[in-house]
Amino acid sequence: MMFSNGKITSKELFAIVVITLGIKYTDFTSSILLRSGQTGAWILPIISIIAILPSFLALLSLLKQYKNKNLIEIIYHLTGKYLGFIIAITFFIIALASTSFNSRSYADSIITMFYPDSPMIPLYIVGMLTCYFIASRGLEGIGRIASILLPYFAFTAFLLIILLWEFFDIDHIFPLLGPGTISLAREGIAHSSILGDIIILAVLYPFVDSFKSYKKGSIFGLIISTLVISVFMLIYILVFDFMPATHIAHPIHHLHRQAQLGLLIPNVESLFFFFWVTASAIRFSIYLYVLASILANTLKLNEFEPLILPLTGLSIFIGLIPENSIESMLDYRGNYLLRYSWMMFLFIPLLLWIISYRKEKKTNANKDF
């Protein structure tokens with residue numbers, strides 16, 4: 001009989017990364033990328049992963065070097081008490097804002113597309129409390145659920161592509177590079193924070209059974225997530241053309257409604273809706289768990305699970321501040337959060353690696369002396 005050690009495997013981490021990052025093609029991230037990249041929007045995630053890769057590799061090197069320390073502990077260890085607090089609390093604010101605004105947009109999406117006569121606030125609260133319940137099961141429980149359901153999510157995504165095949169118009173992707181190479185490169189780097197969760201998820205490192213598992217799960221998860229986002233950005237362009245797609249508030253649900261499964265089942269939207277809601281609940285449960293971990297490590301608390309419930313409430317409160325999802329996502333997230341947070345994800349891990357390298361070099365020099 002095998003007993004759990006309370007840690008997750010590479011398979012479970014892979015599922016967590018893919019659900020956290022890959023599902024972003026279903027929210028307003030797609031609209032933001034389409035407005036920036038036009039017909040070349042599908043290239044932006046590829047540029048983003050190239051931009052964030054050096055920072056991610058530097059972070060992996062630090063995690064390997066400092067054994068069981070997570071991201072926040074490494075930050076404190078290398079930068080000190082005061083600067084470490086500033087960096088850690090900035091990561092917390094970014095994660096909190098992302099959780100709040102994204103979760104609100106999902107609630108608005110459900111109301112707009114499926115239950116227009118239902119009150120938004122009660123549905124939003126119930127949805128977030130569901131995410132809290134999943135998060136309260138612990139990372140091992142989240143990882144197990146994610147790894148079990150990921151193949152079903154992948155199947156529905158593949159099924160959707162097959163059903164939409166007849167609606168693809170290859171002429172929609174031209175000009176292939178959209179606004180041009182320089183503009184795509186600039187926008188890809190500026191929006192690299194769409195993959196920034198891979199940096200923040202490093203707070204979960206001590207809960208993975210080995211560095212090898214963490215490296216394997218996170219690298220493959222990052223690559224697959226990027227490909228998923230890129231493919232669906234291409235599908236939005238092929239089906240809608242980039243200009244109409246930028247004016248569609250919830251493009252993924254319009255794809256769902258356009259899909260057909262023969263004459264007997266003309267609309268399989270309910271199937272896609274079920275798996276979309278389930279994946280979204282897992283995604284935000286991961287966010288809540290990570291939020292609690294970041295805050296507890298920032299404040300140097302011994303336990304972080306009790307923080308999950310109050311952080312759920314805080315996320316709901318912040319998510320209700322914008323009057324509508326357009327203001328929430330395209331203004332707060334598009335113009336501020338995505339535009340400026342990328343610097344944290346690209347530069348902080350590299351800065352930490354440089355500090356660590358200089359400290360190690362100085363230590364070795366003193367030993368030789």
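Residues numbered from 1 in each chain as written. Predicted model: local features only at pLDDT ≥ 70, side-chain atom pairs only at ≥ 80, totals over all residues. Heavy atoms only, no water.

Q: Help me out: how do you make sense of the overall build of the protein in this one?
A: Per the secondary structure count, the protein includes 15 helices and zero strands. Its C-alpha radius of gyration of 21 Å places the protein within 12% of the 21 Å reference for a compact globule of 369 residues. With the principal axes as the frame, the protein shows a C-alpha extent of 80 × 45 × 45 Å. Across the 369 residues that make up the protein, the buried fraction comes to 56%. Look at the contacts in the protein between residues 6 or more apart in sequence, and 83% of them connect residues 24 or more apart. (Helix = DSSP H or I, 4+ residues; strand = E, 2+ residues; numbered from the N terminus. Rg over C-alpha atoms; globule rule 2.2 N^0.38 Å. Buried < 20%, exposed > 50% of the residue type's maximum accessible area, 1.4 Å probe, protein only. Contact = heavy atoms within 4.5 Å.)

Q: Whenever I open this one, the environment of G141 confuses me. Can you help?
A: Here G141 shows up in helix α7 (residues 139-163). Along the chain, G141 and G6 lie 135 residues apart, while their C-alpha atoms are 9.3 Å from each other.

Q: Honestly, helix α5 (residues 81-113) in this entry has me stumped. Any pointers?
A: Each α-helix turn comprises 3.6 residues. Residues three or four places apart therefore point the same way. The terminal C-alpha atoms of α5 lie 48 Å apart, and with 33 residues this matches the ideal 48 Å at 1.5 Å per residue to within 8%. Most of α5 sits inside the fold, with 24 of its 33 residues counted as buried. (Expected span 1.5 Å × (residues − 1).)

Q: Looking at this structure, how should I read the packing of helix α1 (residues 10-22) against helix α13 (residues 269-298)?
A: When two helices pack together, their arrangement is given by the angle between the helix axes and by the axis-to-axis distance. At a minimum axis separation of 9 Å, α1 and α13 run at an interaxial angle of 105°. As far as their axial angle goes, α13 and α1 are roughly perpendicular. On the side of α1, the interface is formed by I16, I19 and T20, while α13 contributes A279, I282, R283, I286 and Y287. (Axes fitted to C-alpha atoms, helices over the stretch in contact; angles between N-to-C directions. Parallel < 35°, antiparallel > 145°, perpendicular 65-115°, else oblique.)

Q: How do you make sense of unusual backbone geometry when you look at a structure like this?
A: A negative phi angle characterises most non-glycine residues, just as the trans form characterises most peptide bonds. In this model, F174 is joined to P175 through a cis peptide bond whose omega is 5°. Here P175 lies in the loop between α7 and α8 (181-190). With phi around 55°, K67 is a residue other than glycine that occupies positive phi space. Although it is not a glycine, K300 adopts a positive phi angle of roughly 60°. Residue placement: K300 occurs in the loop between α13 and α14 (308-319). According to the relative accessible area criterion, K300 is exposed, its value standing at 57%.

Q: Explain the packing of aromatic side chains here, please?
A: What characterises a pair of aromatic rings is the spacing of the ring centres plus the angle enclosed by the ring planes. Taken as a whole and judged by the stated rule, the model has 17 aromatic pairs. Seen from their ring centres, W165 and F168 are 5.5 Å apart, and the 45° between their planes marks the pair as tilted. F168 gets classed as partly exposed once you look at its relative accessible area, which sits at 23%. When the centroid spacing of 5.9 Å and the interplanar angle of 65° are considered together, the rings of F207 and F304 count as edge-to-face. Of this pair, F207 sits in the loop between α9 (197-200) and α10 (211-240) while F304 sits in the loop between α13 and α14, placing them 97 residues apart in sequence. We classify F207 as partly exposed; its relative accessible area is 24%. Classification of F304 as buried rests on a relative accessible area of 9%. In textbook terms, an aromatic cluster arises when at least three aromatic residues are bridged by ring pairs, as seen for Y106, F273, W276, F284 and Y287. A cation sits over an aromatic face here: R137 above F133, 4.6 Å from the ring centre. The cationic tip of K300 hangs over the ring face of Y76; the distance from NZ or CZ to the ring centre is 4.6 Å. (Phe/Tyr/Trp six-rings, centres within 6.5 Å; stacked < 30°, edge-to-face > 60°. Lys NZ or Arg CZ within 6 Å of the ring centre and 35° of its normal.)

Q: Can you walk me through the pattern of salt bridges in this structure?
A: Note that side chains of opposite charge can pair when their charged atoms are close. On inspection of all chains with the given rule, the structure shows four salt bridges. We note a salt bridge from K24 to D197, for which the minimum N-O separation is 3.0 Å. Taken together, the residues K24 in the loop between α1 and α2 (29-37) and D197 in helix α9 connect sequence positions 173 residues apart. Given the relative accessible area of 2%, K24 is considered buried. In this structure D197 comes out as buried when scored by relative accessible area, which is 9%. A salt bridge links D108 to R104, with the nearest nitrogen and oxygen atoms 2.7 Å apart. Here R104 and D108 lie together in helix α5, a separation of four residues that amounts to about one turn. You can call R104 buried: its relative accessible area is 3%. (Salt bridge = Lys/Arg side-chain N within 4 Å of Asp/Glu carboxyl O.)

Q: Can you walk me through the environment of K69 in this structure?
A: Counting through the fold element by element, K69 comes out in the loop between α3 (44-65) and α4 (71-79). Remark: the alpha-carbon pair of K69 and F85, spanning 16 residues in sequence, is separated by 16 Å. Each residue touching K69, except ones within four places of it in the same chain, is listed here: L63, I74, H77, Y205 and P206.

Q: Hey, could you run me through the packing of α7 against α10 in this one?
A: At their nearest, the axes of α7 and α10 sit 12 Å apart, and the two run at 25° to each other. Considering their axes alone, α7 and α10 lie roughly parallel with respect to each other. The way α7 lies across α10 gives a crossing that is left-handed. Side by side, α7 and α10 meet where A157, L160 and I161 of the first sit next to V231, F232 and I235 of the second. Residue composition of the contact of α7 with α10, by class: six nonpolar, no polar and no charged. (Left-handed = near helix turned anticlockwise from the far one by under 90°. Nonpolar A, V, L, I, M, F, W, Y, C, P; charged D, E, K, R; others polar.)

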